[in-house]
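# Structure at a glance
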Amino acid sequence: MEIPGECEYRSEPVLVTPSQPTPRCSLYLSNLDDQRFLRFSIKYLYVFPAVAAVAADALRAALARALVDYYPLAGRLRPSDDDDAGAKLLVDCNAEGALFAEAFLPSLTAGDFLQGSAKPHKSWRKLLYRVDASSFFAVPPLVVQVTRLGCGGMVLCTAISHCLCDGIASANFLHAWARAAAAAHTSVADATVLHDRRALRPRCPPRVAFTHPEYTSGGGTGTHPSLLSQLLSQPLAPVSLTFTASHLLRLKTGCSPSLRCTSFEALAAHVWRAWVLSLGPPPAMRVKLLFSVNVRRRLKPELPWSYSGNAFVLGCAEATAGELVASGSSGGVRLVQEAKECIDDDYVRSMVDLLEERRGAKPDLAATLVISAWTRLGLEDIDFGKGRAAHMGPLTSEIYCVFLPVVADGYPDGVTVLVSVPQAAAESFEHHCCLLDEEPATPAMALVDNDHDDGNKKLQGSHPDLVVHQHGRHDILA
Ligand SMILES: COc1cc(/C=C/C(=O)SCCNC(=O)CCNC(=O)[C@H](O)C(C)(C)COP(=O)(O)OP(=O)(O)OC[C@H]2O[C@@H](n3cnc4c(N)ncnc43)[C@H](O)[C@@H]2OP(=O)(O)O)ccc1O
């Protein structure tokens, strides 16, 4: 969906500072925080219908209260040594403030997001204030825009520096902000938030004990162009597919009784295989699947859920394209499970040490599908006191694949898969995603959402789920 019109900014954005004094210090960032590929912000977009919209003043005041506990987000990223271009980052906790912009966009309604596919479109970027910064370090780690809509609803967009927070930490912060708004003037201080990252310090000397295929370049066979270069040379098309709980069950049971697996394992393997089938690389080409794995409970001692830095590493499943396709759904699932299982305390510490030795190391993205699971982080439950959002998702669509919780009522445990693929492969990707039992299924078995930017959803088949899904979306606003 393309958003028409321009945002009206009636005042300059303001810096929101913590409402009480906060520690002034330099916060150490771990090697998991300070990775080159995390030097961007996680951009969430929330759409609240009129009944759930909250006044911007109340959101701003609540943000000031939430920043008391989450004070690093009001600070600024700095190099630890100004003279060293490769210097490690730290957070100068100086309470300079988070940037808060207020806008009005009368040409847009909350319903617009629910009628189409809600796939990110480049016009959506106007919903987040663009900071005109001279350098990466001048950008506040937290930028917020509240856009009031013509229908009385609101869009809330946040850009949270990935160097400070992972998905879980950013969800915890959003919940704290929402609780502060819902509680109005009552204090909601949460002393459990853990900012100290020293538990993830590297060993001295560093001991890299694993090969860490997620950081090595194994893509391509030398004789074939890499998938990535093919990908980058073609325009990308966002694809959004919703898998209901029953679709996920079918994927899981497709692997059993020989293999028991989780919904994530079944879906990740399925999407990876569909991606490879649609791109059609040579069978000998090595393909990878990288996916973020929360390591809080895998460390010894464990880190609490309230750990507010990056505590994820990338799990890596790998095979030749031919092997992956031939091994059927259980083959892919087994690889995903092995990639999960090997991540323990030793593995994470080895990764931290590798990043100590190879500062600037980047994940190998050649011939690689990257999945980031935003399910089960509670992102869809954020409630600023008047009700949940009618839509939640990323502001932009990348080649990274995001697994999103389904916000619409009636789809508990459903997962929306959002990914951009080369335009020429999009239809084939959707087709392979719809094959839930490795046999051609009727297309309606997956909620295929293939509007091609003309705003018209083309329903594939007449499975009742589809009808309910569409009405479900309208019902939210009724
Ligand atoms: C490379 O370039 C990148 C990458 C990035 C990436 C950034 C980020 O990703 S930020 C991080 C956001 N996401 C995460 O951190 C993922 C968090 N989740 C996990 O770590 C999961 O463990 C998993 C790795 C995704 C695997 O999940 P799963 O196989 O489901 O295993 P379990 O979680 O153990 O669940 C198994 C089972 O337990 C039950 N269960 C678990 N949680 C719940 C719950 N909340 N409610 C109810 N039940 C639960 C359930 O029965 C599960 O089984 P099912 O079969 O029912 O699913 C950025 C930028 C780049 O450039």
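Our subject is the structure that appears above.
Throughout this document, residue positions are counted from 1 along each chain, in the order its sequence is written. In keeping with the predicted nature of the model, local features appear solely for residues at pLDDT of at least 70, side-chain atom pairs appear and are counted solely at 80 or more, and the whole-chain, interface and lining totals rest on all residues. Water and hydrogen atoms were dropped before computing side-chain values, which therefore reflect all heavy atoms in the structure.

## Quick notes on helix α10 (residues 423-434)
The condition that has to hold: Working definition: helices are DSSP H or I runs of at least four residues, strands are E runs of at least two. Numbering for both runs from the N terminus. Helix span, as expected, comes to 1.5 Å for every residue beyond the first. Residue burial is assigned from relative accessible area. The probe radius is 1.4 Å, only protein chains are included, and a residue is buried under 20% of its type maximum, exposed over 50%, and partly exposed in between.
With twelve residues, α10 extends 18 Å from end C-alpha to end C-alpha; this agrees with the ideal 16 Å at 1.5 Å per step. All buried positions along α10 are accounted for by A425, A426, F429, E430, H432, C433 and C434.

## Describing the packing of helix α5 (residues 245-255) against helix α6 (residues 263-279)
Here is the rule: Throughout, an axis means a line fitted to C-alpha atoms (over the contacting stretch in the case of helices), and angles, computed between N-to-C directions, take values from 0 to 180 degrees. Oblique is the label for any angle not under 35 degrees, not over 145, and not in the 65 to 115 range, which are roughly parallel, roughly antiparallel and roughly perpendicular in turn. We call two residues contacting when some pair of their heavy atoms lies within 4.5 Å. Amino acids are sorted into nonpolar (Ala, Val, Leu, Ile, Met, Phe, Trp, Tyr, Cys and Pro), charged (Asp, Glu, Lys and Arg) and polar (every other residue, Gly among them).
Packing of α5 against α6 leaves a shortest axis separation of 9 Å and a crossing angle of 85°. It follows that α5 is roughly perpendicular to α6 by the angle criterion. Judged by residue contacts, L248, L251 and K252 of α5 engage S263, A266, L267 and H270 from α6. Residue classes in the contact of α5 with α6 are distributed as four nonpolar, two polar and one charged.

## What to know about α5
Condition: Directions from the helix axis toward the C-beta atoms define the arc.
Regarding α5, the residues found buried are H247, L248, L251 and C255. Buried residues of α5 fall within an arc of 100° about the axis and therefore sit on the same side.

## A closer look at the site of the ligand
What counts, and what does not: If even one non-hydrogen atom of a residue comes within 4 Å of a molecule or strand, that residue is called near it. Polar contacts here mean pairs of N or O atoms no more than 3.5 Å apart (in protein, one a potential hydrogen donor and the other a potential acceptor; neighbouring residues in sequence count only if both atoms are side-chain atoms). Residue exposure ignores everything except the shown protein chains as possible cover, and the areas themselves are Shrake-Rupley values with a 1.4 Å probe.
Neighbouring the ligand are 20 residues; K252, T262, S292, K340 and Y400 lie closest to it. One of the side-chain N or O atoms of T262 is found 2.6 Å from an oxygen atom in the ligand. The side chain of S292 places a nitrogen or oxygen atom 2.5 Å from an oxygen atom of the ligand. With the chains in place, 70% of the 1200 Å² that the ligand exposes on its own is no longer accessible.

## What to know about the layout of surface pockets
What counts, and what does not: Throughout, the protein atoms alone are placed on a 1 Å grid, and a set of points is a cavity if a 1.4 Å probe fits but cannot get out or a pocket if it is open with protein on both sides within 12 Å along at least five of seven lines; lining residues have an atom within 4 Å of a point. Grid points are joined across faces, edges and corners, and a volume is the space filled by probe spheres set on the points.
When its volume is computed, the second largest pocket comes out at roughly 500 Å³. If you go around the second largest pocket, you meet 21 residues; those closest to its centre are S41, K43, V131, V139 and A159. The set of elements that each furnish at least two residues to the lining of the second largest pocket consists of β3 (41-48) and β8 (154-161).

## So, the pattern of salt bridges
The test is simple: Here, a salt bridge means any Lys or Arg side-chain nitrogen found within 4 Å of an Asp or Glu carboxyl oxygen.
Considering all chains together, one arrives at 19 salt bridges under this definition. The salt bridge partner of D33 is R197, with a shortest N-O separation of 3.1 Å. Of this pair, D33 sits in the loop between β2 (25-28) and β3 while R197 sits in the loop between α3 (167-182) and α4 (227-233), placing them 164 residues apart in sequence. For D33, a relative accessible area of 0% translates into the label buried. Owing to a relative accessible area of 2%, R197 belongs among the buried residues under this scheme.

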